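If you want the building blocks of each chain, they are given just below.
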Amino acid sequence: MTIYLPGDVVNEPSSSDSSIIGYGINVRGETKVASQPGVYRSDEGKMWLNVHSKRYIPQEGDRVIAIVTSKTGDFFRLDIGTAEYAMVNFTNFEGATKRNRPNLKTGDIIYASVFDTTPRTEAELTCVDDEKRARGMGQLNGGFMFNVSLNHCRRLIHPECKILQTIGKFFKFEITVGMNGRIWMNAAGVDDIIKIHDVIVKSEFVKEDDELINLVQNGYTRSVSD
Amino acid sequence: MTSTSSERVVVKELSSSLLDMKFMLSRKKKIEAKKAKSRDAQLEEKIRESEASSSSIAVTAEAKLEYCNDYSKLENLLFGRMSFNGFNKDVELLMEYYEKLRNGELTDDEDEGMDVNDQEMAQTMGGGKLAALSKKAQTKRERAQQQEQNQESSGGRRFNFKDIRKRYSEQNGEGEEPERKFMRPNDD
Amino acid sequence: MVGRLREMRCEVSFLKNADGSASFSQGATCVWASCSGPGDVHASKANEEAMTLDVSYRTNCGDNKFHELNNIIQSTLSKAINLELFPHTSAAVTIHGIQDDGSIGAVALNGACFALLDNGMPFETVFCGVLVVRLKDELIVDPTAKQEAASTGRVLFSICRGSDGGPEVCSMDAIGPWDFEQLEAAWCYAQPSARAIFDFYRNVMQRKHSVDEQ
């Protein structure tokens, strides 16, 4: 596990056959230079740095949780935690036509994917995929939304991460993770929501499996109301 | 109605207005992807030809570097919505769909296992009715022949006449019941 | 010729509301630094081509808009961050001097760099600050307040990493009479200190990212 600071030359043995340069690495002429501090990761021809940060920068293809702030003309204006607001067109929802507009109000939360990040314009999101099907995106009703750091979000939905599965063994709940550092979840009662939220926030710095299981167990058995 | 000289119109390409319709979306995407691929392949060939002819230095493998800043592709992340212990059935179905997509078992344009196969389709759309009608329209001889066929395949007892007649009448009853059923008018 | 740095301690991400924060101390001199960005910018301050950097160094009491350290910190940061990556946004870097026991400028620069590293924003190279003073013909690196007060000349080097990995002067702030040889000698003494500070950055970042060890 090697850490690179900005300005370091990335010189890993496997880097010579990687053809996809990812996040955090810039290529200057022949050399690959790190531009953000992070741990080097490589996998099947891809190389990138895993960067810890809290501020989201829009990236095409990312699925994020957005809050509706206003309706203007043909668009909803959304807050995704970046410097500028993003927007989504009315027609980019499943089953929406010019007459049949989606029923969203200010303050509603939606799960959408970023599909256009032209540099000087606002980012544009969509709630449908290429074939106009929602595939899980759209409005999230009820529940509770909170912020965590971006790297923790990515870690939660990593295929090898057992945090959510471990919590799932004890609790009955549903969760949506946005790549902009926002997590929305819904569970049977307020107590459950509070416990699960605490476990997720505390699990950011937990490395060992046993520690994790202990944490979840403590979360499950403690009483919330005092 | 006389037709002109028998020319067969062979449709090689779908018309653009047809492609614009919503139900043709997935087909349209496939066609566009194919076109883009063939265009790329042609370009590459051209470049290769021109390279071979010119005496320039061979392009190093480094020039083929691709930039990808999308973490979900880099780290092969799961879909962001999850549900545990059946809290939300729709989301659990979605989890399975995306899992299959991630493992490459399912291409993007196939339906997620809710496909109805042809047999079922025929049955529900009235294949059963058709079979019943055609049975009614059979002559006695044909019916008897079918009987024999059924008995032969099931290996039934041919020498028990009572049973044959019973079975025969039973079968007839099954076949005719949907036709003979009296539809009671609703009093309310 | 004393060329040793005082003991360095650092804690990162200790502020909940800032994107990146660090509490850094060298000996008894301590600063708190925070960096938030790239974030929204008011239309009056918006720059279409580049990110607006809002740097401010504050002491415990007194004016928080104008301080002599703002200059060198601003110029170092503008070099270290590629401001054209994020047009029409702004980044706010705030450094608060908690306790001054000498070489506060250098400590402020180091704290700012830690805050940037904690933020995770892309930038070109890490940087650090080293203060060298001349005390009765002796050059001392990283002096205490007493030594600094008694010195006849001070020079604050703001050092970033060159393309070969070695330290390079990014900007310099000198007070008092210095001749060229003395400056060169001071730079010689500053270099190993800069290397030590860069290694310290690496250690701290390694520990911070150690949760990713799987």
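What counts, and at which threshold
Residues numbered from 1 in each chain as written. Chains lettered and ligands numbered in written order. Predicted model: local features only at pLDDT ≥ 70, side-chain atom pairs only at ≥ 80, totals over all residues. UniProt positions renumbered as here; feature names shortened; annotations may be inferred. Helix = DSSP H or I, 4+ residues; strand = E, 2+ residues; numbered from the N terminus. Contact = placed C-beta atoms within 7 Å. Expected span 1.5 Å × (residues − 1). Buried ≥ 20, exposed ≤ 12 C-beta atoms within 10 Å, placed from the backbone. Arc of directions from axis to C-beta. Nonpolar A, V, L, I, M, F, W, Y, C, P; charged D, E, K, R; others polar. Pairing = 2+ DSSP bridges. Axes fitted to C-alpha atoms, helices over the stretch in contact; angles between N-to-C directions. Core = buried A, V, L, I, M, F, W, Y, C linked by C-beta atoms within 7 Å. Domains from an automatic or database assignment.

The name given to chain A in an unreviewed UniProt entry is Exosome complex component RRP40, with the source organism recorded as Caenorhabditis japonica. Comment text from UniProt for chain A, heading Sequence similarities (unreviewed entry), reads "Belongs to the RRP40 family."

Trainee: Teacher, can you tell me more about the overall build of chain B here?
Mentor: Tallying secondary structure elements over chain B gives 7 helices and 2 strands in all. Secondary structure of chain B in N-to-C order comes out as α-α-β-α-β-α-α-α-α. Within chain B, contacts between residues at least 6 apart in sequence are counted, and of these 30% link residues at least 24 apart.

Trainee: What's the story with helix H3 (residues 190-202) of chain A in this structure? I'm lost.
Mentor: Since there are 3.6 residues in each turn of an α-helix, residues three or four apart along the chain are aligned in direction. Residues and elements named next belong to chain A. Counted at 1.5 Å a residue, the expected span for H3 with its 13 residues is 18 Å, and the 18 Å between its end C-alpha atoms agrees. Buried residues of H3: Lys 195, Ile 196, Val 199 and Ile 200, and no others. All buried residues of H3 project into a common sector of 130° when viewed along the axis, lining one side. If you follow the buried residues of H3, they end up packed against helix H2 (163-170), strand E14 (173-177), strand E15 (182-187) and helix H4 (209-221).

Trainee: How should the interface of chain B and chain A be read in this particular structure?
Mentor: Accessible area lost upon the coming together of the parts is a frequently used measure of interface size. Across the contact, 28 residues belong to chain B and 34 residues belong to chain A. Mapped by element, the contributors of at least two residues to the side of chain B that touches chain A are helix H2 (25-53), strand E1 (66-67), helix H3 (71-74), strand E2 (81-83) and helix H4 (89-103) of chain B. Taken together, the residues of the side of chain B that touches chain A sort by class into 14 nonpolar, 8 polar and 6 charged. Bridging between strand E2 (residues 20-21) of chain A and E1(B) involves 2 bridges; their strand directions are parallel. By the bridge assignment for E1(B), Ile21(A) is matched with Tyr67(B).

Trainee: Whenever I open this one, the interface of chain C and chain A confuses me. Can you help?
Mentor: If you look at the interface, chain C gives 26 residues, while chain A gives 22 residues. Secondary-structure elements contributing two or more residues to the side of chain C that touches chain A are strand E3 (29-39), helix H2 (104-119) and helix H4 (180-208) of chain C. Broken down by element, the residue count for the side of chain C that touches chain A peaks at 5 residues, all from H4(C). Its residues assigned to classes, the side of chain C that touches chain A comprises 9 nonpolar, 9 polar and 8 charged.

Trainee: So what exactly am I meant to see when it comes to the sheet that holds E15(A) here?
Mentor: For sheets, the rule is that strands pair by backbone hydrogen bonds, running either parallel or antiparallel. If you walk across this open sheet you meet the 4 strands as E13(A)-E15(A)-E14(A)-E2(B), and the pairing is antiparallel. Edge positions in the sheet fall to strand E13 (144-147) of chain A together with E2 of chain B, since each has one partner strand and no second. For this sheet the average axis-to-axis angle between neighbouring strands, irrespective of direction, equals 20°. Pairing geometry for E14(A) and E15(A), over 5 bridges, is antiparallel.

Trainee: Before we go on, may I ask you to explain the environment of Pro143(C) in this structure?
Mentor: Residues and elements named next belong to chain C. Relative to the assigned elements, Pro 143 resides in the loop between strand E7 (138-141) and helix H3 (145-149). For the pair Pro 143 and Gly 20, spaced 123 residues apart in sequence, the C-alpha separation works out to 28 Å. Not counting residues up to four positions away in its chain, the partners in contact with Pro 143 are Gly 102, Ser 103, Leu 131, Val 133, Glu 148 and Ser 151.

Trainee: Please explain unusual backbone geometry as it appears in this structure.
Mentor: In most cases, non-glycine residues show a negative phi, while peptide bonds are predominantly trans. Residue and element names in this part refer to chain C. One non-glycine residue, His 88, lies in positive phi territory at about 60°. Within the secondary structure, His 88 sits in the loop between helix H1 (69-80) and strand E5 (90-99). Its 19 C-beta neighbours within 10 Å are what place His 88 among the partly exposed residues. Although it is not a glycine, Lys 136 sits at a positive phi angle of roughly 55°. Its place among the elements puts Lys 136 in the loop between strand E6 (127-135) and E7.

Trainee: Can you help me understand the UniProt feature "domain: K Homology" (unreviewed entry) in chain A in this one?
Mentor: Those places that UniProt annotates as "domain: K Homology" (unreviewed entry) correspond, in this numbering, to residues 143-188 of chain A. Between the end C-alpha atoms of residues 143-188 of chain A there is a gap of 10 Å, over a span that is 33% helix and 33% strand.

Trainee: I would appreciate a short explanation of the nonpolar core in the present structure.
Mentor: Note on soluble globular proteins: their nonpolar side chains tend to be buried together. With 120 residues, the main nonpolar core has Ala33(C), Ala108(C), Ala112(C), Cys113(C), Val130(C) and Val132(C) as its most contacted residues. Here the element with the most residues in this core is H2(C); it accounts for 11 residues.

Trainee: I'm lost on the environment of Gly80(B) in this one. Help?
Mentor: Positionally, Gly80(B) belongs in the loop between H3 and E2. We classify Gly80(B) as buried; it has 25 C-beta atoms within 10 Å. The sequence separation of Gly80(B) and Asn69(B) amounts to 11 residues, and the corresponding C-alpha distance is 18 Å. Residues contacting Gly80(B), with those up to four places away along its chain left out, are Arg63(A), Ile157(A), Thr176(A), Val177(A) and Gly178(A).

Trainee: Honestly, the sheet that holds E7(C) in this entry has me stumped. Any pointers?
Mentor: Residue and element names in this part refer to chain C. Here 4 strands make up an open sheet; going across it, the order is E7-E6-E8-E9 and the pairing antiparallel. Each end of this open sheet is capped by a strand with a single partner; those strands are E7 and strand E9 (167-175). Taken over all neighbouring pairs, the strand axes of this sheet differ in orientation by 25° on average, direction set aside. In the sheet, E6 pairs with strand E8 (residues 153-161) via 8 bridges, with the strands oriented antiparallel. The partner of Phe 127 across the bridge, within E8, is Cys 160. Across the face of the sheet, H2 comes into contact with E6 and E8 while running at roughly 170° to E6.

Trainee: Would you explain the environment of Ser44(C) in this entry?
Mentor: Looking at the element boundaries, Ser44(C) is found in the loop between E3 and strand E4 (52-58). In the structure, Ser44(C) is positioned 37 residues away from Ile81(C) in sequence and 22 Å away in space, judged by C-alpha atoms.

Trainee: What should I look at first to understand the domain arrangement of chain A in this one?
Mentor: All names here are of chain A. Here chain A is partitioned into domain 1 (3-51), domain 2 (63-140) and domain 3 (144-221). Computed over C-alpha atoms only, the centres of domain 2 and domain 3 are separated by 26 Å. Contacts between the two partners involve 8 residues from domain 2, matched on the other side by 8 residues from domain 3. Those elements that place two or more of their residues in the side of domain 2 that touches domain 3 are strand E7 (63-72) and strand E10 (109-116).

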